[in-house]
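The residues making up each chain are set out below.
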Amino acid sequence: MNNEQLQVLQGKVNEIDSVLIRLLNERARVFRELPAEYRARSLCLTESMWREAGEDENAPLNSQAIRQLRDAIARATQEPVKPAKPALRVSRQAQPENTVIRFGDVEIGGGGTELIAGPCSIESWEQMRQTAEALQEKGVRIIRGGAFKPRTSPYDFQGLGIDGLKMMKEVADEYGLLTISEVVTPAHLEAAAPYLDIIQIGARNMQNFELLKEAGMMKLPILLKRGLAATMEEFLMAAEYIVSRGNSQVMLIERGIRTYEKWTRNTLDISAVPILKQESHLPVLVDVSHSTGRKDILLPCAKAALAAGADGVMVEVHPNPPEAWSDSEQQIDLAQFRSFADQLMDSGLWNRSGQ
Ligand code: PEP
Ligand code: MN
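Here is what the cut-offs are and how they apply
- Residues numbered from 1 in each chain as written.
- Chains lettered and ligands numbered in written order.
- Predicted model: local features only at pLDDT ≥ 70, side-chain atom pairs only at ≥ 80, totals over all residues.
- Near = placed C-beta within 6 Å.
- Nonpolar A, V, L, I, M, F, W, Y, C, P; charged D, E, K, R; others polar.
- Buried ≥ 20, exposed ≤ 12 C-beta atoms within 10 Å, placed from the backbone.
- Helix = DSSP H or I, 4+ residues; strand = E, 2+ residues; numbered from the N terminus.
- Pairing = 2+ DSSP bridges.
- Arc of directions from axis to C-beta.
- Contact = placed C-beta atoms within 7 Å.
- Core = buried A, V, L, I, M, F, W, Y, C linked by C-beta atoms within 7 Å.
- Expected span 1.5 Å × (residues − 1).
- Axes fitted to C-alpha atoms, helices over the stretch in contact; angles between N-to-C directions.
- UniProt positions renumbered as here; feature names shortened; annotations may be inferred.
- Right-handed = clockwise from strand over helix to strand, strands pointing away.

## A short note on the site of ligand 1
Okay, so step 1: Lining the immediate surroundings of ligand 1 are C120, G146, P150, E182, G202, A203, R204, K225, R255, D287 and H290.
Okay, so step 2: Along the lines of polarity and charge, the residues of the shell around ligand 1 split into 3 nonpolar, 3 polar and 5 charged.

Take a look at the structure:
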């Protein structure tokens, strides 16, 4: 076949295509005039006509090709593309400005940086007092302490429960600190609330949807930890559960995810910080203790968190880590805490709110 013949044939194909396109558009126009219930059933040529077309042995298109054409035409001439799902409430698309969580002159998410520190578990008055004193000395304004502990082994210390929260609250009041602690079941939310300024939902409960829904009915801010193997999308969806129920005061905290790496307890996903800040208007913090599980790299990891745009850092501190009733390996003692706080606050990345 010479070039001229090729061009003639190509011209014919182009002509047929343009007629087909015109006819298909015409078909879509007519089709969409049909009542909605017909359109919903993707009514097109009656089945028997398509079948007959497919059975014509002299036609170049076989029955499979005809079926594919029928389906493609039906799809293309159906309803116009449905509008995209509404943006998530936690997304920047829905709310371009940052959510700022305020407790008096303490602000999280407003451009300042905050340190949350305290033991893994509340154990005693003395332990909480010593910790609170060190926090106050360094200008830390939020004390943490677990009272309902989600432990891997059922034989490990499970936490002092409400008695522990009372202990922390009384000490926090003495030292002018705000309190945060984890709640693991909806049944404890109301009972725990009087002793807390922030309710923590832990990594293991990030997808405890009933807990998230109930947290969404609370008035207190929620600190939501990233699940052990949660994608960022799943993390934001979990936050959406809370916000969609009416509690817009949610903070996200990256606490490391499970990977094959064994030299850290979890892998601190620093990339989550700028991505979550981009995708969401919620404050983003980083827990350097549970992510690394080590005491020796807390400072560089905390600096990295702030450099990446985190609104705050969480660190576990205990007056006597070797004797701690949980996470004794990763908690720093009070001297180590003082030095950690000094270096972080002098790093040039620190920008405390309310000053
Ligand atoms: C905690 O912060 O006390 C805790 C148990 O952390 P995570 O839920 O991130 O494991
Ligand atoms: Mn811990």
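## Details of the pairing of strand β3 (residues 114-118)
Okay, so step 1: When you tally the buried positions in β3, you get 5 out of 5 residues, the bulk of the element.
Okay, so step 2: Of the two faces of β3, the one holding E114, I116 and G118 and the one holding L115 and A117 are both buried throughout.
Okay, so step 3: Here β3 runs beside strand β10 (residues 312-316); their pairing, made up of 5 bridges, is parallel. Paired with I116 across the strands is M314, a residue of β10.
Okay, so step 4: Strand direction decides the pairing type here: β3 and strand β4 (residues 142-144), joined by 2 bridges, are parallel.

## A word on helix α12 (residues 298-307)
Okay, so step 1: When α12 is considered as a whole, its buried residues turn out to be L298, C301, A302, A305 and L306. Buried residues of α12 fall within an arc of 135° about the axis and therefore sit on the same side.
Okay, so step 2: Looking at the buried positions of α12, the neighbouring elements they touch are α10 (272-279), β9 (284-287), α11 (288-292), β10 and α13 (334-345).
Okay, so step 3: Looking one or two places after α12, you find G309, whose phi comes out positive at around 110°.

## A word on unusual backbone geometry
Okay, so step 1: Even without a glycine there, the phi angle at D327 is positive, about 45°.
Okay, so step 2: Note that D327 resides in the loop between β10 and α13.
Okay, so step 3: The class of D327 is buried, set by 20 C-beta atoms lying within 10 Å.

## Notes on the nonpolar core
Okay, so step 1: Counting 75 residues, the largest nonpolar core has L224, A239, M251, V313 and V315 as its most contacted members.
Okay, so step 2: The biggest single contributor to this core is helix α9 (residues 232-244), with 7 residues.
Okay, so step 3: Setting aside residues no more than four positions away along its own chain, V313 makes contact with L115, L285, V286, V288, A302, A305 and L306.

## Describing the environment of I332
Okay, so step 1: Examined against the element boundaries, I332 turns out to sit in the loop between β10 and α13.
Okay, so step 2: As a C-alpha pair, I332 and E26 span 306 residues in sequence and 73 Å in three-dimensional space.
Okay, so step 3: Residues within four places of I332 in sequence aside, it is in contact with K295, L298, V315, V317, P321, F337 and F340.

## Quick look at α9
Okay, so step 1: With 13 residues, α9 should reach 18 Å at 1.5 Å per residue; the first-to-last C-alpha distance of 18 Å fits that figure.
Okay, so step 2: Burial in α9 covers these residues: F235, L236, A238, A239, Y241, I242 and V243.

## With respect to the sheet that holds strand β8 (residues 250-254)
Okay, so step 1: Within the closed barrel, the 8 strands sit side by side as β3-β4-β5-β6-β7-β8-β9-β10. Their pairing is parallel. Neighbouring strand axes in the sheet, compared pairwise and without regard to direction, differ in orientation by 25° on average.
Okay, so step 2: Alignment of β8 against β9, held across 3 bridges, turns out to be parallel. Counterpart to L252 in the pairing with β9 is V284.
Okay, so step 3: The sheet contacts of α10 involve β8 and β9, and relative to β9 the element is tilted by about 160°.

## Re the UniProt feature "domain: DAHP synthetase I/KDSA" (unreviewed entry) in the protein chain
Okay, so step 1: Taken from the UniProt record, the annotation "domain: DAHP synthetase I/KDSA" (unreviewed entry) applies to residues 105-345.
Okay, so step 2: Counting secondary structure, residues 105-345 comes out at 37% helix and 16% strand; the distance between its end C-alpha atoms is 18 Å.

## Concerning the pairing of strand β5 (residues 178-182)
Okay, so step 1: Across the 5 residues that make up β5, a large majority, 4, are buried.
Okay, so step 2: Of the pairings in the sheet, the one linking β4 to β5 comprises 3 bridges and is parallel in character. Bridge pairing in β5 links I142 to L178.
Okay, so step 3: Following the chain from β4 across helix α6 (residues 161-175) to the adjacent parallel β5, one finds a crossover that is right-handed.
Okay, so step 4: Handedness of the crossover joining β5 and strand β6 (residues 198-201) through helix α7 (residues 186-192) is recorded here as right-handed.

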